[in-house]
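Structural features, examined
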Amino acid sequence: MSEANSSHATELTSQYIAQVTGDLERNTKEQERIGQEIETLQEQLHALQHDHTVLVNMQQALGDASPAAEADTAAAPSVPHQVSAEPKQSKPKKAAATSAKKTASKKPAAKASSAKASTATAKPTLVDLIRGHLEQESEPRSAAEITTALTQAHPDRSVKTTVVRTTLEGLVAKSHAHRTKQGSSVFYTTAATSEPATAEPQQEAVAG
């Protein structure tokens, strides 16, 4: 009986060893598979973080043009208020109260928009400066050359090559500039020559 029991125990032990060995192999393979997936995901994460940094820089560079646009948007609603105020002269009390409320609520916005408008008028944006420089130049210019020229022309402004390059890439993305590569250097030219052809039909459509 003891021999039968011992042989049965030996069989069970060998079965457990085989099962544990198989589980260990599967565990090792699963670790390798997950490790490879983690490496791949980390590479994708690094790529996304790099793209995010580039996009944030472009947004900050292109954001210089926003004050003028905001000022135009804020100033636009003032015209209908003046026109719509005339038919309401038959009810002076209500019209006065309504206009007083609107004026009170819009005072901060008006001050902010006027300040932004004056700033935009007094100081051209970096995007405008870069486009204007490219339009004046007949030859392709690198970001460093454009930065040097803008720094000499506007010594009161802090112009950085990285911001200029990001702004140029934004203009290229909007088809406002062309990019050419000569060896390891990148040069930019204006796309102004192609703009009048596309701008005329828009002006006619607006006029019509």
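Residues numbered from 1 in each chain as written. Predicted model: local features only at pLDDT ≥ 70, side-chain atom pairs only at ≥ 80, totals over all residues. Heavy atoms only, no water.

Bringing the overall build of the protein into the picture now. On a plain count of helices and strands, the protein comes out with eight helices and two strands. Each helix and strand of the protein, placed in order from N terminus to C terminus, yields the pattern α-α-α-α-α-α-α-β-β-α. Looking at the protein as a whole, 14% of its 208 residues qualify as buried. The contacts in the protein between residues at least 6 apart in sequence include a share of 57% that link residues at least 24 apart. A total of about 15500 Å² of accessible surface is found on the protein, and carbon and sulfur atoms cover 57% of it. (Helix = DSSP H or I, 4+ residues; strand = E, 2+ residues; numbered from the N terminus. Buried < 20%, exposed > 50% of the residue type's maximum accessible area, 1.4 Å probe, protein only. Contact = heavy atoms within 4.5 Å. Areas by Shrake-Rupley, 256 points an atom, 1.4 Å probe, with all protein chains shown as cover.)

Under the definition given, this model contains five salt bridges. Between R26 and D23 there is a salt bridge; the shortest N-O distance is 2.2 Å. Pair noted here: R26 and D23 are both in helix α1 (residues 2–62), with a separation of three residues, about one helical turn. The residue R33 makes a salt bridge to E37 at a minimum N-O spacing of 2.6 Å. Here E37 and R33 lie together in helix α1, a separation of four residues that amounts to about one turn. The partly exposed category is assigned to E37, whose relative accessible area is 39%. Linked by salt bridges that have partners in common, E30, R33 and E37 make up one network. (Salt bridge = Lys/Arg side-chain N within 4 Å of Asp/Glu carboxyl O.)

Glancing now at the packing of helix α5 (residues 126–136) against helix α6 (residues 143–153). In contact at an axis separation of 11 Å, α5 and α6 are set at 110° when each is read in the N-to-C sense. Of the possible angle classes, the one that applies to α5 and α6 is roughly perpendicular. Contacts between α5 and α6 involve L126, L129, I130, H133 and L134 from the former and I146, A149 and L150 from the latter. A breakdown of the residues in the contact of α5 with α6 according to their chemical character gives seven nonpolar, one polar and no charged. (Axes fitted to C-alpha atoms, helices over the stretch in contact; angles between N-to-C directions. Parallel < 35°, antiparallel > 145°, perpendicular 65-115°, else oblique. Nonpolar A, V, L, I, M, F, W, Y, C, P; charged D, E, K, R; others polar.)

The terminal C-alpha atoms of helix α7 (residues 161–173), which comprises 13 residues, lie 18 Å apart, in line with the 18 Å expected from a rise of 1.5 Å per residue. Residues V164, T166, T167, L168, G170 and L171 constitute the buried set of α7. Positioned one or two residues after α7, S175 has a phi angle of 65°, which is positive. (Expected span 1.5 Å × (residues − 1).)

Bringing the confidence of the model for the protein into the picture now. Chain-level pLDDT for the protein is 74 on average; 62% of the residues reach the 70-or-more range. The model gives residues 194–208 a pLDDT under 50, and that stretch makes two contacts with residues more than four places away or in other chains. (pLDDT = per-residue confidence, 0-100.)

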